[in-house]
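Survey of secondary and tertiary structure
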Amino acid sequence: MAKIIVVTSGKGGVGKTTTSAAIGTGLALRGHKTVIIDFDVGLRNLDLIMGCERRVVYDFVNVIQNDASLAQALIKDRRLENLYVLAASQTRDKDALTQEGVERVINELAESFEYIICDSPAGIEKGAHLAMYFADEAIVVTNPEVSSVRDSDRMLGLLASKSRRAEQGGEPVREHLLLTRYHPERVNNGEMLGLEDVEEILSIPLLGVIPESKSVLRASNQGIPVILDEQSDAGMAYSDAVDRLLGKDVEHRFLDMKRPGFLKRLFGGRE
C-alpha cells in the first residue's frame, strides 16, 4: 500500500520543494518506487529543481480535468529508474484542484507507487489543504526563525483537525520536523533560534537538520536534487533524514560549529 507524505510549512521560502525533491530522490535511491506531485498550481517549481522542466507536456490539472491520462503526464526521472514527477500547471489558479480530482489521481498512483510525495504550496489556502488532506505522514519544514516556526505550528493544528484522518477519526497523521538553513554559529551568536527552541515550540519528532549551504542553491540552479551531491553537508543531511524516515537510527550531524583547522587559523582563508 502506498504511503502518502506531505511536505508542508506555513511560510514560503523555507525549502519545501528542495525537501520534496531530496526526500523523493532519496527514497528512489533506496529502491522505492516514488512519485513527487507539485501542488503549487500557478507557480510550478518542482520540475525546475528536478531538471525536467522542458519535458512537461501535461500537468496535474490536465489529469484532474481529464484532458490527459496519468501515464501521459508522469515524467520519468532520467537518473533513477524508480522516480517520477507530476508537474503543476503554470497557467491555472489553485481552484482548478478539487478534492475529488486529487483523490482520484492519488488512488490511481497508489496502485503502482510505494511513496507519493506531495509538495505543498505555502500558506493555508486550497492547494495547501489538498496537499495535506490525504497524507499519512507530514514533513513540516521550518527555518530557525520565529515567524517560520509560528506558521509551522499553525500547520500542525490543521493537520490535526483538517486532514482526512482527523475527519474520519483515524490514526493521526505522523508528523516529522525538518529544520532547514541551520547555522550553528549564528545560533551561538543569538541571531536565530536554536534546535532546542524549535523542538520545544513544535513538540514533534526531529527528522533532520539541514545546514545552511551554498550547495542547495547550486544544485537547484543545475536542476539536480541536492541529495545527489554526496560531498555537501546539505546532501548528507538529507540522506540521513531519508534513512530516519525509513526507520533507521541515524545520529544527527551538523548541529555544532565547525572548528577551523590549524592552518586556516594560522593563515586565515575564505569559506
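See above for the structure.
Residues numbered from 1 in each chain as written. Predicted model: local features only at pLDDT ≥ 70, side-chain atom pairs only at ≥ 80, totals over all residues. Heavy atoms only, no water.

Of regular secondary structure, the protein possesses 13 helices and eight strands. A compact globule built from 271 residues should have a C-alpha radius of gyration of about 18 Å, and the protein, at 19 Å, falls within 12% of that. When the backbone C-alpha atoms are referred to their principal axes, the protein occupies close to 65 × 40 × 35 Å. Long-range contacts, defined as pairs at least 24 residues apart, comprise 75% of the intrachain contacts of the protein with a sequence gap of at least 6. Put simply, the protein shows about 13100 Å² of open surface, and 45% of that area lies on carbon and sulfur atoms. In the protein, the 33 positive side-chain charges and the 41 negative ones have mean positions that sit 5 Å from each other. (Helix = DSSP H or I, 4+ residues; strand = E, 2+ residues; numbered from the N terminus. Rg over C-alpha atoms; globule rule 2.2 N^0.38 Å. Contact = heavy atoms within 4.5 Å. Areas by Shrake-Rupley, 256 points an atom, 1.4 Å probe, with all protein chains shown as cover. Lys, Arg positive; Asp, Glu negative; His and termini not counted. Charge placed at Lys NZ, Arg CZ, Asp CG, Glu CD.)

Each pair of packed helices can be described by the angle between their axes along with the distance between the axes. The contact between helix H7 (residues 146–162) and helix H10 (residues 195–202) brings their axes to 10 Å, and the two run at 30 degrees. As judged from the angle between their axes, H7 and H10 are roughly parallel. Relative to H10, H7 is oriented so that their crossing is right-handed. Across the interface between the two elements, Val149, Ser152, Asp153 and Leu156 of H7 pack against Val198, Ile201 and Leu202 of H10. The residue inventory of the contact of H7 with H10, partitioned by class, reads five nonpolar, one polar and one charged. (Axes fitted to C-alpha atoms, helices over the stretch in contact; angles between N-to-C directions. Parallel < 35°, antiparallel > 145°, perpendicular 65-115°, else oblique. Left-handed = near helix turned anticlockwise from the far one by under 90°. Nonpolar A, V, L, I, M, F, W, Y, C, P; charged D, E, K, R; others polar.)

One broad trend across soluble globular proteins is that nonpolar side chains are buried collectively. Counting residues in each nonpolar core, the largest one holds 49 residues, and the members touching the most others are Phe39, Phe60, Leu109 and Ile116. With five residues, the top contributor of residues to this core is H7. For Ile116, the contacting residues outside a window of four places in its chain are Ala2, Lys3, Ile4, Ile5, Val35, Ile37, Ile106, Leu109 and Ala110. If you look at the next biggest cluster of nonpolar residues, it comprises 36 residues, including Val14, Ala22, Ile36 and Leu46. (Core = buried A, V, L, I, M, F, W, Y, C linked by side-chain atoms within 4.5 Å. Buried < 20%, exposed > 50% of the residue type's maximum accessible area, 1.4 Å probe, protein only.)

In this structure the tally under the stated criterion is one cavity of 30 Å³ or more. Every residue along the wall of the largest cavity is listed here: Gly208, Val209, Ala237, Asp240, Arg244, His252, Arg253 and Phe254. Taken together, the elements giving at least two residues each to the lining of the largest cavity come down to strand S8 (206–211) and helix H12 (233–245). Sorting elements by how many residues they give to the lining of the largest cavity places H12 first, with three residues. Its residues placed into classes, the lining of the largest cavity shows three nonpolar, two polar and three charged. (1 Å grid on protein atoms, 1.4 Å probe; cavity = no way out; pocket = protein on both sides within 12 Å on 5 of 7 lines; lining within 4 Å. Points joined across faces, edges and corners; volume = space filled by probe spheres on them.)

On to the sheet that holds S8, then. Within a beta sheet, neighbouring strands are joined by backbone hydrogen bonds and run either parallel or antiparallel to one another. The strand order across the open sheet formed by eight strands is S3-S4-S2-S5-S1-S6-S7-S8, and the pairing between neighbours is mixed. Because the sheet does not close on itself, it has two edges, and the strands there are strand S3 (75–76) and S8. Summarising the sheet, strand S2 (residues 34–38) and strand S5 (residues 115–119) pair through five bridges and their orientation is parallel. Looking at S5, one finds that Thr34 is bridged to Tyr115. (Pairing = 2+ DSSP bridges.)

Let us look at the pairing of strand S1 (residues 3–8). Counting buried positions along S1 yields five of six residues, so the element is predominantly enclosed. The sheet contact formed by S1 and S5 spans five bridges and is parallel. Looking at S5, one finds that Val6 is bridged to Cys118. With four bridges joining them, S1 and strand S6 (residues 137–142) adopt parallel strand pairing. The residue bridging Val6 from the neighbouring strand is Ala138, located in S6.

All told, the structure shown has zero disulfides when counted by the stated rule. Distance from the sulfur of Cys52, which forms no disulfide, to the nearest cysteine sulfur (Cys118) is 16 Å. For Cys118, a relative accessible area of 0% corresponds to the buried category. (Disulfide = S-S within 2.5 Å.)

The analysis is restricted to geometry; functional conclusions fall outside its scope.
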